[in-house]
Amino acid sequence: MASIEEKVEEHYKKILDELGIRHYGKTESINRTITDALRSADSKSGGSGNNYPDIQLLLENKTARRIPVMIEAKGLKNRLEKISKSGQIELITYYEKDSKRKDGTIQHHAGDANYSSIMNYAVNGAVHYANAILDSRGYTEVIAIGINGTQMNADGSVQDAECRAYYISEKNNRVPKHIPELDKGWSLLKADNLDRFFAMLDKMTLTEKELEDLRQRTETALETKIKSIHQSLYDNPKLRTALTTNEKLYLFCGLIMVGLTTKGVAPLDVNQFTGNDDQEDNDSTIIITRIRSFLKKKKCGDDKIRMILDLLQPVFKKETLWRPVNGESILKSLFKQVKQDIIPCLESNLHLDFTGKILNSLGDWVHIENDRENDVVLTPRYVTTLMAKLARTNMDSFVWDRAMGSAGFLVSAMDIMIKDAQAKIHDQKELEKKITNIKEHQLLGVEILGNIYILAVLNMILMGDGSSNIYNGDGHDYNNETGKFPATVFLLNPPYSADGKGFNFVQEALEKMTSGYACVLIQENAGSGNGLPYTKKILEKNTLCASVHMSDIFCGKSSVQTAIYVFQVARPHEVDDMVIFIDFSNDGYARQNRKKSSQEVNLRDADHAAERYAEVEAIVLGKKPRTQYYTEENGLVIRDTVSLNGNDWTFAQHKVIDTMPTEEDFRKTVADYLAWKVSQAIKGDGGYGV
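Here the structure is a predicted model, which means the values were calculated and not measured. Here the residue numbering is sequential within each chain, running from 1 through the sequence in written order. Reporting of local features is limited, given that this is a predicted model, to residues whose pLDDT is at least 70; pairs of side-chain atoms are given and counted only at 80 or more, and all residues count toward the totals for whole chains, interfaces and linings. The side-chain quantities take in all heavy atoms of the structure and omit both hydrogens and water.

1. Regarding the overall build of the chain
Under the DSSP-based scheme used, a helix requires at least four consecutive residues in state H or I and a strand at least two consecutive residues in state E, with every element numbered from the N terminus. Tallying secondary structure elements over the chain gives 23 helices and 20 strands in all. Exposure is judged per residue with a 1.4 Å probe applied to protein chains only, and the accessible area is read against the type maximum: over 50% gives exposed, under 20% gives buried, and values in between give partly exposed. By residue count, 50% of the 690 residues in the chain fall in the buried class. A separation of at least 24 residues holds for 72% of the contacts in the chain among residues at least 6 apart in sequence. Using a 1.4 Å probe, the Shrake-Rupley method yields the accessible areas, and only the shown protein chains count as cover for residues. Surface summary for the chain: the accessible area is close to 32900 Å², and the carbon and sulfur share equals 48%. Contacts between residues were defined by any pair of non-hydrogen atoms, one from each residue, lying within 4.5 Å.

2. Points about the packing of helix 10 (residues 283–297) against helix 11 (residues 302–316)
To get an axis, fit a line to the C-alpha atoms, keeping to the stretch in contact for a helix; angles then go from 0 to 180 degrees between the N-to-C directions. Running from amino to carboxyl end, helix 10 crosses helix 11 at an angle of 165 degrees, the nearest separation of the two axes being 11 Å. In terms of orientation, helix 10 and helix 11 fall into the roughly antiparallel class. Here the hand of the crossing between helix 10 and helix 11 comes out right-handed. The residues of helix 11 that touch helix 10, namely those facing Ser284, Ile287, Ile288, Ile291, Arg292, Leu295 and Lys296, are Ile305, Ile308, Leu309, Leu312, Gln313 and Phe316. Class assignment for the residues of the contact of helix 10 with helix 11 results in nine nonpolar, two polar and two charged. For this classification, under 35 degrees means roughly parallel, over 145 means roughly antiparallel, 65 to 115 means roughly perpendicular, and everything else is oblique. Put simply, a crossing is left-handed when the front helix is turned counterclockwise from the back one by less than a right angle, and right-handed when it is turned clockwise. Lys, Arg, Asp and Glu make up the charged group, whereas Ala, Val, Leu, Ile, Met, Phe, Trp, Tyr, Cys and Pro make up the nonpolar group; the residues left over, Gly among them, are polar.

3. Describing the pattern of salt bridges
Here, a salt bridge means any side-chain nitrogen of Lys or Arg that lies within 4 Å of a carboxyl oxygen of Asp or Glu. Summed over all chains, the structure comprises 26 salt bridges. A salt bridge links lysine 541 to glutamate 511, with the nearest nitrogen and oxygen atoms 3.1 Å apart. Placement of lysine 541 in helix 21 (residues 534–541) and of glutamate 511 in helix 20 (residues 503–511) is noted, with a sequence separation of 30 residues between them. Note on lysine 541: relative accessible area 45%, which makes it partly exposed. With a closest N to O distance of 2.9 Å, arginine 639 and glutamate 632 form a salt bridge. When its relative accessible area of 38% is taken as the criterion, arginine 639 is described as partly exposed. Three or more residues joined by partner-sharing salt bridges are found here, namely Glu9, Lys13, Lys26 and Asp54.

4. Describing the side chain of arginine 612
The residue arginine 612 is located in helix 22 (residues 609–621) in this model. For arginine 612, a relative accessible area of 6% gives the class buried. Any pair of nitrogen or oxygen atoms within 3.5 Å is treated as a polar contact; in protein, a donor-acceptor pairing is required on top of that, and neighbouring residues in sequence qualify only through side-chain atoms on both sides. Of the polar contacts made by the side chain of arginine 612, one reaches the side chain of aspartate 607; its length is 2.8 Å. Those residues within four positions of arginine 612 in sequence are excluded, and the remaining contacts are Phe584, Asn586, Asp587, Gly588, Asp607, Tyr629 and Tyr630.

5. What to know about helix 11
Taking 1.5 Å of rise per residue, the 15 residues of helix 11 would be expected to cover 21 Å, and the 20 Å separating its terminal C-alpha atoms lies within 8% of that figure. Bend, in this description, refers to the angle at a residue between axes fitted to the seven residues ending there and the seven starting there. Helix geometry: helix 11 is bent most strongly at aspartate 310, by close to 30 degrees, with proline proline 314 lying one to four residues after it. Here helix 11 has its buried residues at Lys304, Ile305, Ile308, Leu309, Leu312, Gln313, Val315 and Phe316. To estimate the expected span of a helix, count its residues, drop one, and scale the result by 1.5 Å.

6. A short note on the sheet that holds strand 8 (residues 162–169)
Strands were regarded as paired on the criterion that DSSP finds at least two bridges between them. One open sheet holds the five strands; their spatial order is 1-2-7-8-9, and the pairing between them is mixed. Each having just a single partner strand, strand 1 (55–60) and strand 9 (177–178) make up the two edges of the open sheet. Pairing geometry for strand 8 and strand 9, over two bridges, is antiparallel. Bridge assignment links tyrosine 167 to a residue of strand 9, and that residue is lysine 177. Strand contacts of helix 6 (residues 194–202): strand 1, strand 2 (66–73), strand 7 (141–148) and strand 8, with the helix running at about 95 degrees to strand 1, the strand carrying the most contacts.

7. Notes on the pairing of strand 7
Every other side chain in a regular strand lies on the same face of the sheet, so the side chains alternate between the two faces. Counting buried residues along strand 7, eight of its eight residues qualify, which places the element largely inside the surrounding structure. Residues Glu141, Ile143, Ile145 and Ile147 of strand 7 are buried on one face, and the alternating residues Val142, Ala144, Gly146 and Asn148, pointing to the opposite face, are buried as well. Pairing analysis gives five bridges linking strand 2 to strand 7, with the strands arranged parallel. Looking at the pairing, glutamate 72 lines up with glycine 146 of strand 7. Here eight bridges tie strand 7 to strand 8, and the two strands are oriented antiparallel to one another. Along strand 8, the bridge assignment pairs isoleucine 147 with cysteine 163.

8. Focus: the packing of aromatic side chains
Pairing of aromatic rings covers Phe, Tyr and Trp, the last through its six-membered ring, and needs centres within 6.5 Å; plane angles under 30 degrees mean stacked, over 60 mean edge-to-face, and all others mean tilted. Taken as a whole and assessed by the stated rule, the structure comprises 15 aromatic pairs. Taken together, a centroid distance of 6.2 Å and an interplanar angle of 45 degrees make the contact between phenylalanine 197 and phenylalanine 198 tilted. Per residue, the accessibility class of phenylalanine 197 equals that of phenylalanine 198, and both read buried. Ring pairing ties together the aromatic residues Tyr382, Phe584, Tyr589, Tyr613, Tyr629 and Tyr630, which thus form one cluster. Sitting above the plane of the tyrosine 121 ring, arginine 79 keeps its charged end 5.7 Å from the centroid. Its end group placed over the ring of tyrosine 629, arginine 612 keeps NZ or CZ at 4.2 Å from the ring centre. By the criterion adopted, a ring carries a charge over it if an Arg CZ or a Lys NZ lies within 6 Å of its centre and within 35 degrees of its normal.

9. Observations concerning the environment of lysine 97
Along the polypeptide, lysine 97 turns up in the loop between strand 3 (93–94) and strand 4 (99–100). Separated by 14 residues in sequence, lysine 97 and glycine 111 place their C-alpha atoms 7.2 Å apart. Those residues in contact with lysine 97 that lie beyond four places of it in its chain are His108, His109 and Ala110.

10. Brief notes about a nonpolar patch on the surface
Together, Phe666, Val670, Tyr673, Leu674 and Trp676 make up an exposed nonpolar region whose accessible area comes to about 550 Å². Position of tryptophan 676 relative to the elements: it lies in helix 23 (residues 663–683). Patch membership is restricted to residues that have no salt bridge and whose relative accessible area is over 30%. Joining uses 9 Å for like charges and 5 Å for the nonpolar side chains Val, Leu, Ile, Met, Phe, Trp and Tyr.

11. Observations concerning the sheet that holds strand 10 (residues 399–401)
The sheet built from nine strands is open, its strands ordered 12-11-10-13-14-16-15-17-20 with mixed pairing. The open sheet terminates on both sides in strands that have one partner only, identified here as strand 12 (470–472) and strand 20 (637–640). Ignoring strand direction, the axes of neighbouring strands in this sheet form an average angle of 15 degrees. Bridge count between strand 13 (residues 489–492) and strand 14 (residues 517–523): four bridges; the pairing is parallel. Residue leucine 491 lies in a different strand from strand 14, and its bridge partner there is cysteine 519.

12. A short note on the packing of helix 16 (residues 381–390) against helix 17 (residues 408–424)
Two numbers describe how helix 16 lies on helix 17: the axes approach to 8 Å, and their chain directions differ by 55 degrees. Viewed along their axes, helix 16 and helix 17 adopt a mutual orientation that is oblique. Where helix 16 crosses over helix 17, the two elements pack in a sense that is right-handed. Counting all contacts with helix 16, which are made through Arg381, Thr384, Thr385, Met387, Ala388 and Lys389, the residues of helix 17 involved are Gly408, Phe409, Ser412, Ala413 and Ile416. Of the residues belonging to the contact of helix 16 with helix 17, the class tally is five nonpolar, four polar and two charged.

13. Here's the deal with helix 22
Look at helix 22: 18 Å from first C-alpha to last across 13 residues, which is about the 18 Å you get at 1.5 Å a residue. Across the 13 residues of helix 22, ten count as buried, placing the element largely inside the fold. Residues Ala609, Arg612, Tyr613, Glu615, Val616, Glu617, Ala618, Ile619, Val620 and Leu621 constitute the buried set of helix 22. Where helix 22 terminates, the next one or two residues include glycine 622, which has phi positive at roughly 75 degrees.

In structure tokens form, the structure reads like this:
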């Protein structure tokens with residue numbers, strides 16, 4: 001069947017004419033910003049050719065708010081849009097294996113970009129154009145519309161015209177939001193209706209579930225791309241032995257710093273690398289200079305800048321990295337990949353533990369030096385978020401972590417605090433002031449390992465706080481700054497090799513708090529006696545509120561069974577205080593052993609994981625759960641007291657096993673026995689004849 005694309009285009013242009021809406025064709029220009037954005041982006045086929053949307057609009061209301069509209073037409077059956085298996089509008093994909101032409105030559109190599117969805121489907125092409133405009137930073141919101149049709153009427157009009165429209169904005173992290181009203185007609189695009197239409201768009205925000213799905217997709221994409229870059233390092237025989245694991249971490253951190261967009265410092269561009277073959281003037285000196293500027297603009301103190309540069313400079317000065325081969329240094333080629341693949345994942349407002357992903361990704365290839373001694377196991381983000389909520393974190397909290405790793409707990413707490421502020425503060429200036437205060441003054445972390453500490457600094461810099469309260473030191477001894485910090489929320493996943501399985505960190509921290517809550521992820525048997533004497537001391541001044549038996553959250557990284565213990569600070573535990581015990585071993589997630597899996601997702605929501613986490617949160621906080629996965633009736637929730645000895649905190653210690661058989665047990669046993677006898681008779685076994 002021949003395509004009727006031109007007729008589809010004419011059909012919708014006629015609708016626009018009837019509505020009195022100014023529109024632009026393929027070769028027309030709305031303005032230089034949009035034209036340049038379309039010209040500079042990759043074409044729909046991935047080349048350097050221009051992008052030509054079939055129809056373009058620029059909506060402008062009475063307050064001069066402008067939103068471009070990109071419309072792409074197709075004229076074949078089932079060409080309106082293509083949705084991926086994960087439910088997203090499919091854009092660029094990648095070939096999983098080599099494909100050959102009929103003559104045996106390679107047509108596509110494994111890993112090559114596949115632009116077929118953008119080229120062949122209307123909505124997908126329109127979204128490609130929309131993203132090109134957002135990339136130019138001239139606009140923060142665009143509407144993408146796909147139109148299609150397959151059959152003509154006798155008068156030459158399109159019989160089965162179809163349309164699907166999406167709102168794509170930076171505020172929604174470019175996740176397309178469907179606009180069903182435009183699918184039915186375009187009257188909302190008339191000038192008189194734009195204020196109403198824009199008000200509708202303002203209400204189109206991501207739900208918590210959509211945000212969580214986006215976080216997981218972004219984390220997966222980030223992890224996959226980091227592994228790809230690290231594979232290229234591993235495959236280079238010069239680099240395989242030239243860089244230690246720590247140096248790879250530093251290399252990634254430095255390249256990310258110079259690639260990020262920062263107010264007052266333009267991000268480094270690939271064409272700024274000179275490829276000079278000189279000890280004093282080469283690609284490494286360009287990077288080091290830019291890192292120093294980046295840190296200053298992020299308001300890092302001189303001591304912090306000096307410490308970071310002391311870690312990074314020896315790596316970037318390695319001759320293997322900066323000396324050009326055929327006019328290009330390894331630093332330049334690596335930066336290309338980071339700029340193209342990593343930076344887009346980082347420049348969002350998702351508040352992810354990015355550097356934790358970097359550390360975990362590199363850890364798949366090589367173990368961190370002394371990781372057994374230092375217990376470097378990073379807490380998954382969905383767990384850090386749960387724990388921050390269980391500790392009653394809000395916009396006025398002062399949150400600290402005395403063994404912070406890559407600052408995952410602080411990132412999750414910051415996200416919750418900012419969202420709480422956005423919900424409660426309606427004056428924009430007041431809100432901005434509060435968010436700045438949260439980032440700069442209400443978070444504190446200490447990390448003893450220099451290689452992990454720099455990841456925490458980068459994490460917090462990405463969040464925008466300049467890492468003003470992030471310190472490199474021993475969590476036990478680093479009291480100069482922590483003693484002045486009015487902590488109300490304590491979050492921790494301590495090193496389990498420390499005294500009391502890490503409860504020494506907890507007891508010391510709670511001694512310095514006068515109010516609030518603490519939430520600790522720790523080896524579960526620390527609560528059954530292995531955490532003594534610290535667990536007993538903790539109860540003398542603090543109340544154990546909840547004990548949550550966790551699932552295998554460190555699958556592939558550690559086989560330790562963990563639990564979350566929640567405390568109310570500065571209220572001595574009384575012998576008749578009720579404690580909530582929850583068996584959370586089935587948290588709804590399916591996990592693969594990362595070491596055995598490919599670079600695909602090793603975490604999958606198999607059974608309402610988001611709802612299960614929300615239910616545990618509600619139970620611990622004393623709220624009414626919306627679901628009933630964990631109840632006293634099914635034995636997954638127990639309310640019981642504990643002694644003041646600090647050695648009976650685990651779920652298993654309070655689970656009562658009923659050994660008295662019931663009548664139902666008897667009936668089932670008899671039924672099973674009779675079924676077995678019948679099966680034997682049918683087979684001719686058990687002494688029965690055929």
